[in-house]
Amino acid sequence: MILGMTTSTYTLLHAVISLIGIGSGLLVVYGLLSNQRFNGATAIFLVTTVATSVTGFGFPFDHLLPSHKVGIISMVVLAIAILARYGFHLDGPWRRIYVISGVMALYLNVFVLVVQSFLKVPTLHALAPTQTEPPFLVAQLIVLFIFIGLTILAAKRFRSESASMLRRAA
C-alpha cells in the first residue's frame, strides 16, 4: 500500500499524471515555437510534472536509484521554470531561462517514458533487456537530439510581446 492505494493503483495514477504532463508539455512547446503563451496548458504541465516527480518518490525503495536522481534533477529544473514563469514573469533573461528549463523538464519526463517503455513493452524489452543495447541507446539519443533542437528553436522563437509586436508592425 502506498498512501492508502494498492501499488498497482498508485503506479497507474503516477503514469496517468506523467502522461498528462507530457501531453500538456508538448502543447506548451508548440506554443513556445509559435511564440504563444498557453497559460492553462503551462499550469497543467508544471503542476503535473512536479506531481510526477513527487509521486515517483512515493514508491518503496531502500537506496537511491537512477530514477530518484532524475526526479531530483527534474525538481530543480521545474523550480527554475516556475520561478522564471511566475516569479519573474518572463522578464528579460528569465524568458529564455523559462524556455530552457521548461523544455528540459519535458525532456526528462520523455526520457523516463522511453526507459519505462523499454522495461514494460515486451517487444522493446526484447530488443534491449538491460537497457545497454544499441536500440535503447539509439532511441534515447534520438529523443535527446529532438529536444536539443526544440530547445534551440523555442529559445529563438519565444520572444517578448514587445519584440513580436515590433516585428509585426514592421
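Residues numbered from 1 in each chain as written. Predicted model: local features only at pLDDT ≥ 70, side-chain atom pairs only at ≥ 80, totals over all residues. Heavy atoms only, no water.

Undergrad: Help me understand the packing of aromatic side chains in this model?
TA: For any two aromatic rings, the description comes down to two numbers: the centre-to-centre distance and the angle of the planes. Under the counting rule described, the total for this entry stands at 7 aromatic pairs. Between the aromatic rings of Tyr-30 and Phe-38, the centroid separation amounts to 6.2 Å while the plane-to-plane angle is 15°, which identifies the pairing as stacked. On the accessibility criterion, Tyr-30 (48% relative accessible area) is partly exposed. An aromatic cluster of three or more residues is present, and its members are Tyr-107, Phe-111 and Phe-147. The ring of Phe-158 has Arg-95 lying over it, and the distance from NZ or CZ to the ring centre is 4.5 Å. (Phe/Tyr/Trp six-rings, centres within 6.5 Å; stacked < 30°, edge-to-face > 60°. Buried < 20%, exposed > 50% of the residue type's maximum accessible area, 1.4 Å probe, protein only. Lys NZ or Arg CZ within 6 Å of the ring centre and 35° of its normal.)

Undergrad: Hey, could you run me through unusual backbone geometry in this one?
TA: A negative phi holds for most residues other than glycine; trans holds for most peptide bonds. At Asn-35, a residue that is not glycine, the phi angle is positive and equals roughly 55°. As for its placement among the helices and strands, Asn-35 is situated in the loop between helix 1 (7–33) and helix 2 (39–56). One non-glycine residue with positive phi stands out, namely Gln-131, at about 60°. On the secondary structure map, Gln-131 appears in the loop between helix 5 (122–127) and helix 6 (134–157). Judged by relative accessible area, Gln-131 falls into the buried class, the value being 16%. (Helix = DSSP H or I, 4+ residues; strand = E, 2+ residues; numbered from the N terminus.)

Undergrad: Help me understand the side chain of Ser-24, please; the structure alone is not making it clear to me.
TA: Here Ser-24 lies in helix 1. Those residues in contact with Ser-24, other than ones at most four positions away along the chain, are Ala-41, Ile-44, Phe-45 and Thr-48. (Contact = heavy atoms within 4.5 Å.)

Undergrad: Help me understand helix 3 (residues 66–87), please; the structure alone is not making it clear to me.
TA: Count 3.6 residues to each turn of an α-helix, and residues three or four apart come out pointing the same way. Compared with an ideal rise of 1.5 Å per residue, which puts 22 residues at 32 Å, helix 3 spans 30 Å between its outermost C-alpha atoms and is within 8% of the ideal. Turning to helix 3, its buried residues number three or more, namely His-68, Val-70, Gly-71, Ser-74, Val-77, Leu-78, Ala-81, Ala-84 and Arg-85. Of the surrounding secondary structure, the elements contacted by the buried residues of helix 3 are helix 2 and helix 4 (93–120). Following helix 3 by one or two positions, His-89 adopts a phi angle in the positive range, close to 50°. (Expected span 1.5 Å × (residues − 1).)

Undergrad: Would you mind showing me how to read the packing of helix 1 against helix 4 here?
TA: Two elements in contact, helix 1 and helix 4, have axes whose closest approach is 10 Å; the angle formed by their N-to-C orientations is 145°. Here helix 1 runs over helix 4; the crossing is left-handed. On helix 4, the residues touching Ser-18, Leu-19, Gly-21, Ile-22, Gly-25, Leu-26, Val-28, Val-29 and Leu-32 of helix 1 are Tyr-98, Val-99, Val-103, Leu-106, Asn-109, Val-110 and Leu-113. Of the residues contributing to the contact of helix 1 with helix 4, the split by class is 12 nonpolar, 4 polar and no charged. (Axes fitted to C-alpha atoms, helices over the stretch in contact; angles between N-to-C directions. Left-handed = near helix turned anticlockwise from the far one by under 90°. Nonpolar A, V, L, I, M, F, W, Y, C, P; charged D, E, K, R; others polar.)

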